[in-house]
Every structure is written in structure tokens, then in C-alpha cells.
Amino acid sequence: MNLELRWHRLAPLITVTVAALVFTILLIAVRLQWAPLESADHGAAADINSLIAGNATLVSAVKAVTWLGSNGVLWTVITAATVILAIRGQWRLAAYLLVTGAGALILDPILKSLVGRLRPVVAHPIAHGTGNSFPSGHSLGSIVCYGAILLVFLPAARGRWRTAFITVIVALIALIGISRILLGVHYLSDVLGAWAVGITWLGLTTLAFELTRSAAGQPVTDPVTEGLEPEARADLKPARPEPGAPRRSGRYYGRIAAAVVVAWVLILGIIVGIGELITKDGNGNMLGDRTIPHWFAAHRTVGLTHWSLIFTTLGATQAILIVALATCVTFLAVTRHWRPVIFVATVMFGELGAFLAAAAVVKRPRPDVTQLDQHLPTSAYPSGHEAATCCLYAAIAILVIGHARGWWRWLFLVPAIAMPVLVALSRMYRGEHHPTDILGSLLFSALWLTATSLLIKPNADGQPRQDTTAGDQQQLTRREPSPSPGAVS
């Protein structure tokens with residue numbers, strides 16, 4: 001048993017040592033252009049790349065997988081996890097994530113410069129990779145960042161959830177590495193080398209974390225099976241059940257989901273119907289649809305054009321996605337309930353679906369003025385920028401006002417009102433939308449936010465139960481009869 005325990009504790013160290021040795025061997029072989037390795041790499045690159053060349057569906061799927069290993073996605077994941085840990089007071093784990101992720105970002109360009117290996121040349125190039133080839137940056141970044149996420153949040157997973165968590169992380173890392181070879185931008189040894197150095201770096205940072213635990217007088221753990229900080233399990237769980245809340249059946253949630261879908265369809269029908277009336281029976285200048293865009297076009301200046309670009313960018317998909325993600329992460333970290341996240345996700349996905357559907361049905365042309373934005377993918381009605389901005393910032397205001405306490409929460413009404421106004425003016429100024437396109441988006445937002453708020457009840461968990469308990473206790477205390485003068489104390 002003693003031998004077993006010793007082997008169990010030495011296994012991670014042996015794994016890291018072997019990984020470091022494998023990386024060193026590959027590094028030397030690649031740097032010296034060892035003929036057997038070069039031959040195997042070139043043959044594998046050509047054969048594997050030919051497996052998906054010409055299949056548009058497979059290429060799209062592989063590109064989607066490889067995107068999950070890009071620096072933008074990896075740092076978004078690391079940042080979101082770090083914010084959650086910081087809000088919940090787990091500063092040591094937050095620092096671990098940042099240091100470990102930064103290591104991958106530093107190691108990749110340095111190693112590529114030292115080795116100087118050129119990218120593969122394949123018969124059917126599908127993607128284009130910049131810089132040198134060894135090691136694969138996507139593979140290195142994914143094994144380090146997703147591996148660190150696994151080690152940090154492993155204590156929160158139990159039973160089948162732990163198995164699922166580990167399986168998803170391992171599969172994701174493997175698929176990202178394989179995708180780089182399929183796309184023809186890396187050799188097999190590039191990916192294997194990246195995985196080897198990634199395991200080595202993870203092992204070193206984990207050892208450093210264990211040293212901080214020892215310095216703090218905490219017991220030694222097995223990070224691979226227990227996670228880095230088993231004692232932090234309560235804080236690492238994304239959400240927690242509300243004490244005393246009744247258990248809901250799947251049928252209950254199914255009814256709510258069905259009601260949301262029905263409401264979405266009805267609201268979409270209203271918006272599409274109004275769009276059809278405007279385009280076919282509006283005589284072209286309903287509510288200034290023709291005169292207002294021409295007035296804006298005639299009064300354009302360099303300064304106003306600059307500001308219009310800023311606000312139209314703030315209403316674009318990327319900015320909306322970033323703010324929505326930040327909102328979900330913050331509310332999940334603070335409230336420890338999924339309800340606000342579900343509310344924001346439902347509102348935003350519903351808005352996107354309705355916008356795409358209405359634009360495809362109505363097919364309204366843009367105003368007949370010079371548009372300042374090029375290659376716009378959809379029609380004018382309704383305004384996607386306006387609907388997304390209104391839904392997002394109004395949803396944030398609803399959540400903050402329902403969950404926070406204090407006068408400052410009402411300040412969130414300012415962006416909920418100002419941002420839709422500024423985005424609307426910028427879209428009309430740039431010649432992209434008629435006034436009725438904006439009004440259609442505002443009507444959809446008002447109806448959709450009302451429906452989702454009533455059905456999902458995003459602030460149902462906003463009132464702390466402790467306050468209610470304290471209030472009940474105070475009432476009971478008031479009701480207790482005071483002892484009579486002659487009573488024995």
C-alpha cells in the first residue's frame with residue numbers, strides 16, 4: 001500500500017518528465033531536419049490533408065473546431081474563469097490561470113523563432129497559417145488553457161459530471177490538434193511537440209501552485225484526481241440550488257420553454273406583418289422613411305461620421321457578444337444562479353433569430369442614399385443593431401435593478417435608454433436604415449423583453465432569503481407576549 005501511494009504521487013512527476021523528454025527529442029530532430037522524421041511528417045501532412053479537401057461541410061466543421069483553439073477564444077475563456085474566481089475570492093486560483101495561460105502565449109513565438117520550421121506545403125491548401133510551424137500554437141494554447149481550466153474546476157465536478165467534464169476537455173484538446181493537421185497548416189510532429197511542451201508547462205505551474213499550498217500550511221493534494229484546490233469546491237461550482245426552493249420537474253421547465261417559443265413566434269409574426277405593411281402600403285415616406293435618411297446624408301461631417309462609426313460598432317455583433325458574455329459571467333459569479341444567464345441567452349438568441357427571419361421575409365431595400373457601411377449581409381427591416389442593443393442593455397438594467405440594492409442601480413437605466421438612441425441615430429445617419437426599421441426593432445424589443453421577463457422571471461432569485469428569514473423572525477418576536485410582572489424569569 002505504501003508503494004502504491006508512493007507510485008501514485010510520483011506518477012505526475014514521471015509524466016511531466018517524459019513529456020519534457022519527448023519535446024526535447026522532437027525539438028532536436030526538427031531543428032536538425034532528421035530525414036526519417038521529415039519524411040514521415042511530409043507524407044502524413046499530404047495524406048491527412050487529402051481526407052477533407054473538396055468536402056465543404058467537413059472543412060467548415062474542422063475550421064470551427066480549430067477556431068476554439070485560437071488566442072481570442074482561449075483568452076476569453078481564461079478571462080471569464082478568472083473573473084469568476086476573483087469575484088468569489090479565489091485569488092490564488094485566478095493568478096494560476098493567468099500565469100499558466102500567459103506562459104503558453106510566451107512560449108509559442110519564442111520556440112517557433114528558435115526552430116524556424118516552415119509551414120507544410122500540401123496539394124490542397126485549405127487554410128493559411130502565419131509564422132513558423134513548430135510547435136503548433138493552437139495545440140499548445142489549447143492543452144495549456146483548457147488543461148488549466150480542468151485542474152482548477154475539477155473539485156466542483158462529481159460523479160458522471162466529472163467523467164463528462166474530463167472527456168469534453170480531453171476530446172476538445174485532441175480535436176483542435178488534429179484539426180491543424182487536417183487543414184494542412186501543421187505537421188504531426190508540430191502537434192505532438194506542442195502537446196509535450198504544454199504538459200510540461202502545466203506540470204511546472206501545478207508544482208509551483210503546490211508549493212504555495214505547502215507554504216500556507218495546507219495539505220498536499222493530487223491535482224490530477226482532486227484538482228488544485230479541493231477545499232474551494234463550494235466556490236468553484238458555477239451555481240448552487242437555492243435553499244428551501246421547491247424542486248421543479250422537467251415538465252415544468254418544458255412548459256416555460258414552450259411558452260417562450262410560442263411568444264417568440266407570435267411576436268415575430270407581428271413584426272413581419274408590420275414590415276410587410278410598411279414596404280407594400282407605406283407609400284414610400286411613412287414617418288419620414290425617405291426624407292429623414294436624405295436629411296442625415298445631406299448633413300454629414302467628418303466628426304459626426306467618426307462618432308456614428310463608434311456607436312454603430314458598439315451595436316455590432318462582436319461588441320454585443322462581448323458585453324452579453326461579460327454580463328452572464330458576472331451574474332453567474334455573483335448570484336450563483338443560472339436564471340440570469342438563461343434570461344440573457346434567451347433574449348439575445350431570440351433577438352438574433354427574429355432579426356434574421358424577419359429580414360429574410362420582408363427583404364426591404366436600404367434607403368436610397370449613399371451607405372457608409374459596405375457589404376451589408378441583410379435587408380433594412382428590422383435593424384439588427386438596434387434590436388440587439390435595446391434587448392441587451394434593457395436586459396442588463398432589468399437584472400441589476402432586480403438584484404442590486406441601493407440608489408445606484410437605477411443608473412443602469414441610462415445606458416438602457418441612451419445606447420438604443422445613439423445606435424439608432426448612427427444607423428440612420430450612415431444611411432443603413434429607415435425610421436420605421438428602427439421602430440420595428442424597438443417594438444420587437446419591448447414585446448420580447450416583456451414576454452421573457454414574465455415567463456423566465458429573471459429576478460426571482462434576487463431577493464436574499466436571509467432577509468426574508470430575518471423579517472419573519474422579527475415578526476415572530478413582535479408577536480411573542482411580553483412576560484407579566486409576576487412571572488418568574
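All values derive from a computational prediction rather than experimental measurement.

Student: Help me understand the nonpolar core in this model?
Tutor: Soluble globular proteins: nonpolar side chains tend toward being buried together. Leu85, Leu93, Tyr96, Leu97, Tyr146, Val152 and Leu236 are the most contacted members of the largest nonpolar core, which totals 43 residues. Only helix 1 (2-31), helix 4 (71-87), helix 5 (91-115), helix 6 (137-153), helix 7 (160-182) and helix 8 (188-215) provide two or more residues apiece to this core. Looking at which element gives the most residues to this core, the answer is helix 6, with 11 residues. Those residues in contact with Tyr96, other than ones at most four positions away along the chain, are Ala148, Leu151, Val152, Leu202, Thr205, Thr206, Phe209 and Leu228. Listed in part, the 39 residues of the second largest apolar core include Phe331, Leu392, Phe444 and Leu449.

Student: Explain helix 3 (residues 56-67) to me, please; I cannot follow it from the model alone.
Tutor: Note: α-helices contain 3.6 residues per turn, so residues at a spacing of three or four share the same orientation. Here helix 3 is 12 residues long and its end C-alpha atoms lie 16 Å apart, about the 16 Å a rise of 1.5 Å per residue gives. If you check which residues of helix 3 are buried, you get Val59, Val62 and Thr66. The buried residues of helix 3 occupy an angular sector of 65° when projected down its axis, which confines them to one face. In this structure, helix 3 carries Ala56, Thr57 and Trp67 as exposed residues pointing more than 90 degrees from its buried face. On its buried side, helix 3 packs onto helix 6 and helix 7.

Student: Before we go on, may I ask you to explain the side chain of Glu38 in this structure?
Tutor: Along the chain, Glu38 turns up in helix 2 (residues 35-50). The buried category is assigned to Glu38, whose relative accessible area is 18%. A distance of 3.2 Å separates the side chain of Glu38 from the side chain of Arg117, its partner in a polar contact.

Student: Help me understand the packing of aromatic side chains, please; the structure alone is not making it clear to me.
Tutor: Both the distance between ring centres and the angle between the ring planes are used here to describe each pair of aromatic rings. Under the counting rule described, the total for this entry stands at 7 aromatic pairs. For the ring pair Tyr96 and Phe209, a centre distance of 5.7 Å and an interplane angle of 70° mean the geometry is edge-to-face. A residue pair is termed long-range when its members are at least 10 positions apart, and Tyr96 in helix 5 and Phe209 in helix 8 qualify at 113 residues. As far as the burial class goes, Tyr96 and Phe209 line up, both buried. For the ring pair Trp295 and Phe296, a centre distance of 5.4 Å and an interplane angle of 75° mean the geometry is edge-to-face. You can call Phe296 buried: its relative accessible area is 14%. An aromatic cluster is defined as three or more aromatic residues linked by ring pairs; in this entry it consists of Trp295, Phe296 and Tyr429. Note that Arg300 overlies the ring of Tyr429, its terminal NZ or CZ placed 5.9 Å from the centroid.

Student: Quick question: what am I supposed to make of helix 17 (residues 413-429) here?
Tutor: Its 17 residues give helix 17 an end-to-end C-alpha distance of 24 Å, which sits within 8% of 24 Å, the value for a rise of 1.5 Å per residue. For helix 17, the full list of buried residues reads Ala416, Met419, Pro420, Val423, Ala424, Ser426, Arg427, Met428 and Tyr429. Contacts from the buried residues of helix 17 go to helix 12 (291-298), helix 13 (302-314), helix 16 (384-403) and helix 18 (435-456).

Student: In this structure, what is going on with the confidence of the model for the chain? I would like to understand it.
Tutor: Close reading of the predicted structure is inappropriate where its pLDDT is low. Looking at the chain as a whole, the pLDDT averages 84, with 89% of positions reaching at least 70. For the stretch residues 464-489, pLDDT sits under 50, and the model shows 4 contacts to residues farther than four places along the chain or on other chains.

Student: Any chance you could explain the pattern of salt bridges here in plain terms?
Tutor: Proximity of charged atoms lets side chains of opposite charge pair with each other. Under the definition given, this model contains 12 salt bridges. Where Glu231 meets Arg213, a salt bridge forms, and the shortest distance between an N and an O atom there is 2.8 Å. Of this pair, Glu231 sits in the loop between helix 9 (223-226) and helix 10 (233-236) while Arg213 sits in helix 8; the two residues are 18 residues apart in sequence, bridging distant segments of the chain. Residue classification places Arg213 among the buried residues on the basis of a relative accessible area of 0%. Asp373 is the salt-bridge partner of Arg427, the closest N and O atoms lying 2.9 Å from each other. Separated by 54 residues along the polypeptide, Arg427 in helix 17 and Asp373 in the loop between helix 15 (339-362) and helix 16 bring together distant segments of the chain. Asp373 sits in the buried class, given a relative accessible area of 15%. Within the structure, one salt-bridge network assembled from shared partners comprises Glu38, Asp41, Arg117 and Asp190.

Student: Explain a nonpolar patch on the surface here, please?
Tutor: A surface patch of nonpolar side chains, about 540 Å² in accessible area, is lined by Trp410, Leu413, Ile417, Val421, Leu422 and Leu425. One can find Val421 in helix 17. Overall, Val421 belongs to the partly exposed group, its relative accessible area being 45%.

Student: What should I look at first to understand unusual backbone geometry in this one?
Tutor: Residue Pro135 follows Phe134 across a cis peptide bond; omega there is -5°. Tracing the backbone shows Pro135 in the loop between helix 5 and helix 6. Unlike most non-glycine residues, Lys363 shows phi in positive territory, near 55°. By secondary structure assignment, the location of Lys363 is in the loop between helix 15 and helix 16. Although it is not a glycine, Lys457 sits at a positive phi angle of roughly 55°. Structurally, Lys457 can be placed in the loop between helix 18 and helix 19 (465-479).

Parameters and conventions
Residues numbered from 1 in each chain as written. Predicted model: local features only at pLDDT ≥ 70, side-chain atom pairs only at ≥ 80, totals over all residues. Heavy atoms only, no water. Core = buried A, V, L, I, M, F, W, Y, C linked by side-chain atoms within 4.5 Å. Buried < 20%, exposed > 50% of the residue type's maximum accessible area, 1.4 Å probe, protein only. Helix = DSSP H or I, 4+ residues; strand = E, 2+ residues; numbered from the N terminus. Contact = heavy atoms within 4.5 Å. Expected span 1.5 Å × (residues − 1). Arc of directions from axis to C-beta. Polar contact = N/O pair within 3.5 Å; in protein donor to acceptor, adjacent residues only side chain to side chain. Phe/Tyr/Trp six-rings, centres within 6.5 Å; stacked < 30°, edge-to-face > 60°. Lys NZ or Arg CZ within 6 Å of the ring centre and 35° of its normal. pLDDT = per-residue confidence, 0-100. Salt bridge = Lys/Arg side-chain N within 4 Å of Asp/Glu carboxyl O. Patch = residues over 30% accessible without salt bridge, like charges linked within 9 Å, V, L, I, M, F, W, Y side chains within 5 Å. Areas by Shrake-Rupley, 256 points an atom, 1.4 Å probe, with all protein chains shown as cover.

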